[in-house]
Amino acid sequence: MDYVLGQRIRRRRERVYRPRQTYLSLSEEECIRKLRLTRQAVTDICHLLADELGTDAQCPYAFPVAVKVTAALHFYASGSFQHPLSSIGGISQSAISSAVHAVTSGLVRHAGEYIKFPVTPDNQERAKQAFCVKYGFPGVLGVIDCTHVQLRAPSEIALVYINCKGTYSINVQVICNAYSKITHVFGNYPGSSHDSFILANSTIPAIFEGNPPLDAWLLGDNGYPLKTWLMTPYLMPATIREMQFNRKHTQTRGVIERTFSILKMRFRCLDRSGGTLQYSPQKVAAFFVACCVLHNISINQGCVVDIDEEILEDLRRRDGELHVPMPLNPNAPAAARERRAYLTEELLYRL
């Protein structure tokens, strides 16, 4: 018996560790190209998620925080499936999956620290000044729109996730400021939901219609109804002033389209060119929020990604194909029409 046990002990192999690549082995240029963030930004993310992703003392084989963050950022940036990603980080597919979900959950928990709608007077004044200086449009707190993220057919009530192009998606509401920083995300509804329906069921109306109501407004396209706090373009402009208002409105509202394009170009997991996400709608919404957090972190760090204008234009076109305008409603509230008319006059004198 002792001889047999000795043979087994001798035949036991030592544990072999495969090399694990992290962002620390990448140059600054490689880090931006592969992870879409600077090394300093990735370091800040590792510090931010250190408590959630820290190595378990009872498990000496757990992956370090840098390995998990690098694997998750590879997934966000490339949009590739997890199996080919396992060769990049030197870890298995199951470990990649665990890392992606752990990092996503951690970023979602910290979303409130990086995605903040301006509710204090000082923040509101800074937001309005930024739009006024950059685009010449007064009183704007943000630009609102929705974008679709494609996913596989859900196992339950799949029909409600079919959008107007016949694909499965979720429809996510986003507000950004004049510098493309995201200040609001709401991704609780399927692709068949209209933009105006999502807005009505979000917290935004309660913020603007409080007591007292905010002396500011959002800009939205013709997928939204005209309100005192939501300025939309004239559907059938009849005068030079109304045409000029629409021109300035379109120029200012372009910041949200550019934000969507940059977000999806930087994080290919959100765009269908990276492949349809094989996850539940709740997980896909979490991925979107996590990428919005990373987008805002990159803006805070001053990270600039090379922008291919042809790709941006293609992304805008595909998003536009999913846009469903509101039906023509000449009976908009009188107060909203008066406010828009006042803005039309004010913009005329600014030109």
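Refer to the structure presented above.
Residues numbered from 1 in each chain as written. Predicted model: local features only at pLDDT ≥ 70, side-chain atom pairs only at ≥ 80, totals over all residues. Heavy atoms only, no water.

Visitor: Just to check I follow, could you spell out the pattern of salt bridges for this structure?
Guide: Once the charged atoms of two side chains with opposite charge are near each other, the side chains can pair. Scanning all chains against the criterion turns up 6 salt bridges. A salt bridge links Arg253 to Asp145; its shortest N-O distance comes to 3.4 Å. Within this pair, whereas Arg253 is found in helix 12 (residues 240-266), its partner Asp145 is found in strand 1 (residues 140-150), the two being separated by 108 residues in sequence. Its salt-bridge partner being Glu345, residue Arg241 comes within 2.3 Å of it at the nearest N-O pair. (Salt bridge = Lys/Arg side-chain N within 4 Å of Asp/Glu carboxyl O. Helix = DSSP H or I, 4+ residues; strand = E, 2+ residues; numbered from the N terminus.)

Visitor: I tried to follow the sheet that holds strand 1 on my own but got confused; where do I start?
Guide: Two pairing modes exist for strands in a sheet, parallel and antiparallel, and in both the strands are linked by backbone hydrogen bonds. With mixed pairing, the 5 strands of this open sheet are ordered in space as 3-2-1-4-5. Two strands in the sheet have a free side with no partner beyond their single neighbour: strand 3 (182-190) and strand 5 (230-231). Note that strand 2 (residues 169-176) and strand 3 share 6 bridges and pair antiparallel. Along strand 3, the bridge assignment pairs Asn171 with Tyr189. The sheet contacts of helix 9 (residues 121-135) involve strand 1 and strand 2, and relative to strand 1 the element is tilted by about 80°. (Pairing = 2+ DSSP bridges. Contact = heavy atoms within 4.5 Å. Axes fitted to C-alpha atoms, helices over the stretch in contact; angles between N-to-C directions.)

Visitor: Just checking my understanding: could you explain the side chain of His110 for this structure?
Guide: Along the chain, the position of His110 falls in the loop between helix 7 (93-109) and helix 8 (111-114). Ignoring anything within four residues of it in the chain, the contact list for His110 reads Leu48, Leu49 and Glu52.

Visitor: It is not clear to me how the pairing of strand 2 should be interpreted in this structure. Could you clarify?
Guide: Where a strand is regular, its side chains alternate between the two sheet faces. The element strand 2 is extensively covered by neighbouring structure, given that 8 of its 8 residues are classed as buried. Both faces of strand 2 are covered, namely the face carrying Ser169, Asn171, Gln173 and Ile175 and the face carrying Ile170, Val172, Val174 and Cys176. The hairpin formed by strand 2 and strand 3 contains 5 residues between the paired strands, and Ser180 there has a positive phi angle of roughly 70°. (Buried < 20%, exposed > 50% of the residue type's maximum accessible area, 1.4 Å probe, protein only.)

Visitor: What is the right way to read the side chain of Arg253 from this model?
Guide: A relative accessible area of 10% means that Arg253 is categorised as buried. Side chain to side chain, Arg253 and Glu257 meet in a polar contact 2.7 Å long. Each residue touching Arg253, except ones within four places of it in the same chain, is listed here: Val143, Asp145, Leu219, Gly220 and Asp221. (Polar contact = N/O pair within 3.5 Å; in protein donor to acceptor, adjacent residues only side chain to side chain.)

Visitor: Just checking my understanding: could you explain the nonpolar core for this structure?
Guide: Burial of nonpolar side chains together is a common tendency in soluble globular proteins. Judged by nonpolar contacts, the single largest core of 77 residues is most densely connected at Val42, Val69, Tyr76, Leu107 and Phe288. Per element, the largest residue contribution to this core is 11 residues, and it comes from helix 13 (residues 281-301). In terms of nonpolar packing, the next biggest core, distinct from the first, is built from 18 residues, Ile198, Leu214, Tyr224 and Trp229 among them. (Core = buried A, V, L, I, M, F, W, Y, C linked by side-chain atoms within 4.5 Å.)

Visitor: Looking at this structure, I do not really get the packing of aromatic side chains. What am I missing?
Guide: The relative placement of two aromatic rings is captured by the distance of their centres and the angle of their planes. Tallied over the full model, the rule gives 12 aromatic pairs. Summarising the aromatic geometry, the rings of Phe117 and Phe208 are spaced 5.9 Å apart at their centres and angled 70° between planes, so their arrangement reads as edge-to-face. Here Phe117, found in the loop between helix 8 and helix 9, pairs with Phe208, found in helix 11 (residues 204-208); they are 91 residues apart in sequence, far enough to count as distant. The residues Phe117 and Phe208 share a single accessibility class, namely buried. Chaining the aromatic ring pairs together yields one cluster made of Phe75, Tyr76, Tyr279 and Phe287. (Phe/Tyr/Trp six-rings, centres within 6.5 Å; stacked < 30°, edge-to-face > 60°.)

Visitor: Can you help me understand the environment of Met231 in this one?
Guide: Following the sequence through the fold, Met231 ends up in strand 5. On the accessibility criterion, Met231 (0% relative accessible area) is buried. The spatial distance from the C-alpha of Met231 to the C-alpha of Val140 is 9.2 Å, given a sequence separation of 91 residues. Here Met231 is in contact with Trp217, Leu218, Leu219, Gly220, Leu226, His249, Ala336, Arg339, Arg340 and Leu343, once residues within four sequence places are set aside.

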